[in-house]
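# Descriptive structure summary
These are the residues of each chain, in order.
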Amino acid sequence: MPAYDPNNIFAKILRGELPCFKVYEDDKAFAFLDIMPRAPGHTLVIPKAPARNILDCPADDLAHVAKVAQKIAKASVGVFGADGVTVQQFNEGAGGQVVFHLHVHVIPRKAGVMMKPPASEKEKPEVLAEQAKKLAAALA
Ligand code: 5GP
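Report on the accompanying structure. Treat the numbers as computed from the prediction; the structure is a model and nothing was measured. (Residues numbered from 1 in each chain as written. Predicted model: local features only at pLDDT ≥ 70, side-chain atom pairs only at ≥ 80, totals over all residues. Heavy atoms only, no water.)

### Concerning the pattern of salt bridges
- What the rule picks out here adds up to five salt bridges.
- With a closest N to O distance of 2.6 Å, K22 and E25 form a salt bridge.
- Residue classification places K22 among the partly exposed positions, given a relative accessible area of 41%.
- With relative accessibility at 39%, the residue E25 sits in the partly exposed group.
- The salt bridge involving E25 is made with K48; its shortest N-O contact spans 2.7 Å. Placement of the pair is E25 in strand β1 (residues 22-25) and K48 in the loop between β3 (43-47) and α2 (59-80), with a sequence separation of 23 residues.
- Several salt bridges converge on common partners, so that one network encompasses K22, E25 and K48. (Salt bridge = Lys/Arg side-chain N within 4 Å of Asp/Glu carboxyl O. Buried < 20%, exposed > 50% of the residue type's maximum accessible area, 1.4 Å probe, protein only. Helix = DSSP H or I, 4+ residues; strand = E, 2+ residues; numbered from the N terminus.)

### Focus on the site of the ligand
- Neighbouring residues of the ligand: 16 residues in total, closest D34, V98, V99, H103 and H105.
- D34 places a polar side-chain atom, nitrogen or oxygen, 2.5 Å from an oxygen atom of the ligand.
- V98 is positioned with one of its backbone polar atoms (N or O) 2.6 Å from an oxygen atom of the ligand.
- For the ligand, the protein covers 88% of the area, taking 520 Å² as the surface of the free molecule.
- Of the pockets mapped on this structure, the ligand occupies the largest pocket.
- For the shell around the ligand, the secondary-structure elements that each account for two or more residues are α1 (9-14) and β2 (29-33).
- In terms of residue count, the dominant contributor to the shell around the ligand is α1 (three residues). (Near = heavy atom within 4 Å. Polar contact = N/O pair within 3.5 Å; in protein donor to acceptor, adjacent residues only side chain to side chain. Areas by Shrake-Rupley, 256 points an atom, 1.4 Å probe, with all protein chains shown as cover. 1 Å grid on protein atoms, 1.4 Å probe; cavity = no way out; pocket = protein on both sides within 12 Å on 5 of 7 lines; lining within 4 Å. Sits in = over half its atoms within 2 Å of the grid points.)

Have a look at this one:
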């Protein structure tokens, strides 16, 4: 298993070196909108502590990320008028992982609407800003 790379994109977002549309933060977790959402409201939840994925993450940090993912899933149903929520988490390239800081995808879903393919289209910043504002308000 390769070592954690502190220069991955999400580590840079956590350090404030790259911008993001933040929706939630506490002492152990951070959540922000995916810039190439597979559906409106697609959110990524990450631990603040460095972890490449589920294979090296301390169990308590993983459990906390799961709690935050649940909180966001519940809030996103109201904010995005979702009929359901898809939660995904990928580990290593062979498992579908592209960014190597552990993250859980929380994707609000409408009945009968397919998800876009992964990383297929960047959402407009103004749309993401408005969505993040609404979701953050629902989580506050
Ligand atoms: P993975 O396949 O590793 O689980 O997914 C990585 C996710 O990160 C993808 O859904 C992709 O759209 C998203 N992503 C990639 N680069 C950035 C970025 O710079 N900012 C944000 N917010 N999301 C990103």
